[in-house]
Amino acid sequence: MKKFEYVPLCMLGYTFTLPADKIVFNRLGNEEILTFTGSGWIYQTGKVRVSISDHVELDAILLGWYTAFDGAHSTVTIKVRTHNKNEITWVMYKN
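Residues numbered from 1 in each chain as written. Predicted model: local features only at pLDDT ≥ 70, side-chain atom pairs only at ≥ 80, totals over all residues. Heavy atoms only, no water.

Asks: Summarise helix α1 (residues 55-71); cite the residues concerned and give the values.
Replies: If you check α1, its first and last C-alpha atoms are 24 Å apart, about what 17 residues at 1.5 Å a residue would give, namely 24 Å. Those residues of α1 that sit buried are Leu 58, Ile 61, Leu 62, Trp 65, Tyr 66, Ala 68 and Phe 69. Taken around the axis of α1, the buried residues stretch over an arc of 160°, which confines them to a single face. Exposed side chains of α1 directed beyond 90 degrees from the buried face belong to Val 56, Leu 63, Thr 67 and Gly 71. Looking at where α1 begins, the residue whose side-chain oxygen comes 3.2 Å from the main-chain nitrogen of Val 56 is Asp 54. (Helix = DSSP H or I, 4+ residues; strand = E, 2+ residues; numbered from the N terminus. Expected span 1.5 Å × (residues − 1). Buried < 20%, exposed > 50% of the residue type's maximum accessible area, 1.4 Å probe, protein only. Arc of directions from axis to C-beta. Polar contact = N/O pair within 3.5 Å; in protein donor to acceptor, adjacent residues only side chain to side chain.)

Dropping the structure here:
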């Protein structure tokens with residue numbers, strides 16, 4: 001079972017990937033979370049929890065988050081829990 005997937009990030013004109021198992025999108029205190037379970041991704045916001053059926057759906061969520069990040073000013077953060085060998089680190093992007 002995989003512990004993470006390489007997730008595309010596209011913010012402020014830069015595109016790259018990070019090995020991640022969790023992404024937290026926060027806009028004005030409202031959090032949306034994507035969590036990798038080893039077999040797929042789970043999307044959660046408030047009490048809503050939904051399994052992501054494929055990468056097309058995952059990409060649509062990420063694209064919406066990145067568009068909001070690029071268009072907002074000091075109101076959006078994206079945190080990514082990333083893996084580097086045996087080390088797990090949180091990386092946070094603020095606009």
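Asks: Provide a residue-level description of the side chain of Asn 26, including the pertinent values.
Replies: Mapped onto the fold, Asn 26 is located in strand β2 (residues 14-27). Looking at Asn 26, its side chain comes within polar contact range of the main-chain nitrogen of Gly 29, at 2.8 Å. Setting aside chain neighbours within four positions, we find Asn 26 in contact with Glu 31, Thr 75, Val 76 and Thr 77. (Contact = heavy atoms within 4.5 Å.)

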